[in-house]
Amino acid sequence: VYEIETSETRYALKVYGHGWRTAGEIAWEVDLMAHLARKGLAVATAIPRVDGALIATLAAPEGPRHVALFPFVEGAKPRAPSSALYRAFGRVVAQIHHASDDFATTQPRSPLDVDDLLDSSVRAILPLLGSRPDDRAFVADLAGRVRGRIAALAARGLDWGVCHGDVTLDNVHVTDNGQVIVYDFDSAAPGWRAADPYGVMTWVTRGRPEYWDAFLGGYLEVRALTEADRAAMPWLVPVQLLDNVRFHLTDWVRLRGALSLSADYLDGELAVLRRWDRDVLDSSTS
């Protein structure tokens, strides 16, 4: 993402990596943002080219790269987390879920399928644990238990719809009057909405559970959660954590090289998963 500054305003030029998204998938993202803006949410919408197209394609040395231009989101990144900020953040995420209930487009977007995410994660991680049988057994067992629990809860009616896909303060600006604006819908896709705030929920085991409580309270001010959704939330966290490990071990290394990860990266991520399993999942009930 490049910031473009003129004498009058600023823009964000998003240049997608070769092979990262198809033009159709980017059009899905652009359509979603336009839909949310029409519903009254503060969302930056794509700016058309002089020929009216919202997506351009550049001939880069590595292959075609798609490009879209957006207004630069007003406000600034929050200086520090707080319960008040997370409560406002929860309200905005609930508004996104609510406003996208009737989103429709002919453009393609692969759903955030739990089984696919787990399978691809396990395939990427297990070969690296060949000499670590305890860790290998833990990852395989955790994935199996999560898959079974989510399948059971899905049968009870989980909320399926558009997810932002990367609900963290990294993708938030706060204006001078305190308005929270969410951006970066690159990871958005249809999925179980109970999975969307997984990053916020991890504060439960990172020493600041009040942030999760504040976010959840703000969300519930706007949108209700079923009993099944509440029960699924802690079980969907490992799905996203494992997928994040897969991303760093595959896509990230391909982009940045193996030296971009510390030698103890995998140890640290497995420790997080073990702590979540011990402190949260062991006490979770269906």
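Residues numbered from 1 in each chain as written. Predicted model: local features only at pLDDT ≥ 70, side-chain atom pairs only at ≥ 80, totals over all residues. Heavy atoms only, no water.

### A closer look at the pairing of strand β1 (residues 2–5)
Where β1 lies against strand β2 (residues 10–15), four bridges are found, and the strand directions are antiparallel. Considered in β2, the bridge of Glu-5 is made with Arg-10. The antiparallel hairpin formed by β1 and β2 contains four residues in its connecting segment. (Pairing = 2+ DSSP bridges. Helix = DSSP H or I, 4+ residues; strand = E, 2+ residues; numbered from the N terminus.)

### Digging into the sheet that holds strand β4 (residues 63–71)
What holds strands together in a sheet is hydrogen bonding between their backbones, with the strands either parallel or antiparallel. Overall, antiparallel pairing links the four strands, which are arranged β1-β2-β4-β3 in an open sheet. What marks the edges here is a single partner per strand, and that holds for β1 and β3 (56–60). Within this sheet the neighbouring strands show an average axis-to-axis angle of 30°, counted without direction. (Axes fitted to C-alpha atoms, helices over the stretch in contact; angles between N-to-C directions.)

### Overview of the nonpolar core
Core analysis: the biggest nonpolar cluster contains 82 residues, and Tyr-86, Phe-89, Val-139, Ile-150 and Leu-236 have the highest contact counts within it. Filtering out sequence-adjacent residues up to four positions away, Ile-150 remains in contact with Val-114, Leu-158, Trp-192, Ala-232, Trp-235 and Leu-236. (Core = buried A, V, L, I, M, F, W, Y, C linked by side-chain atoms within 4.5 Å. Buried < 20%, exposed > 50% of the residue type's maximum accessible area, 1.4 Å probe, protein only. Contact = heavy atoms within 4.5 Å.)

### Description of the packing of aromatic side chains
Under the defined criterion, the tally for this structure stands at eight aromatic pairs. With a centroid separation of 5.5 Å and an interplanar angle of 90°, the aromatic rings of Trp-28 and Phe-103 are classed as edge-to-face. With a gap of 75 residues between them, Trp-28 in helix α1 (residues 23–38) and Phe-103 in the loop between α2 (83–99) and α3 (114–125) connect regions that are remote in the sequence. Owing to a relative accessible area of 4%, Trp-28 belongs among the buried residues under this scheme. Between Trp-203 and Tyr-211 the ring centres are 4.9 Å apart and the planes differ by 90°, which places this aromatic pair in the edge-to-face class. Summarising the burial analysis for this pair, Trp-203 and Tyr-211 share the class buried. The ring of Phe-72 carries the charged tip of Arg-10 above its face, separated from the ring centre by 4.0 Å. Positioned over the ring face of Phe-138 is Arg-274, at 4.4 Å from the centre of the ring. (Phe/Tyr/Trp six-rings, centres within 6.5 Å; stacked < 30°, edge-to-face > 60°. Lys NZ or Arg CZ within 6 Å of the ring centre and 35° of its normal.)

### A short note on unusual backbone geometry
Phi at Asp-184 is positive, roughly 60°, even though this residue is not glycine. Following the sequence through the fold, Asp-184 ends up in the loop between β7 (180–182) and β8 (189–192). Taking the relative accessible area as the measure of exposure, Asp-184 reaches 29% and is therefore partly exposed.

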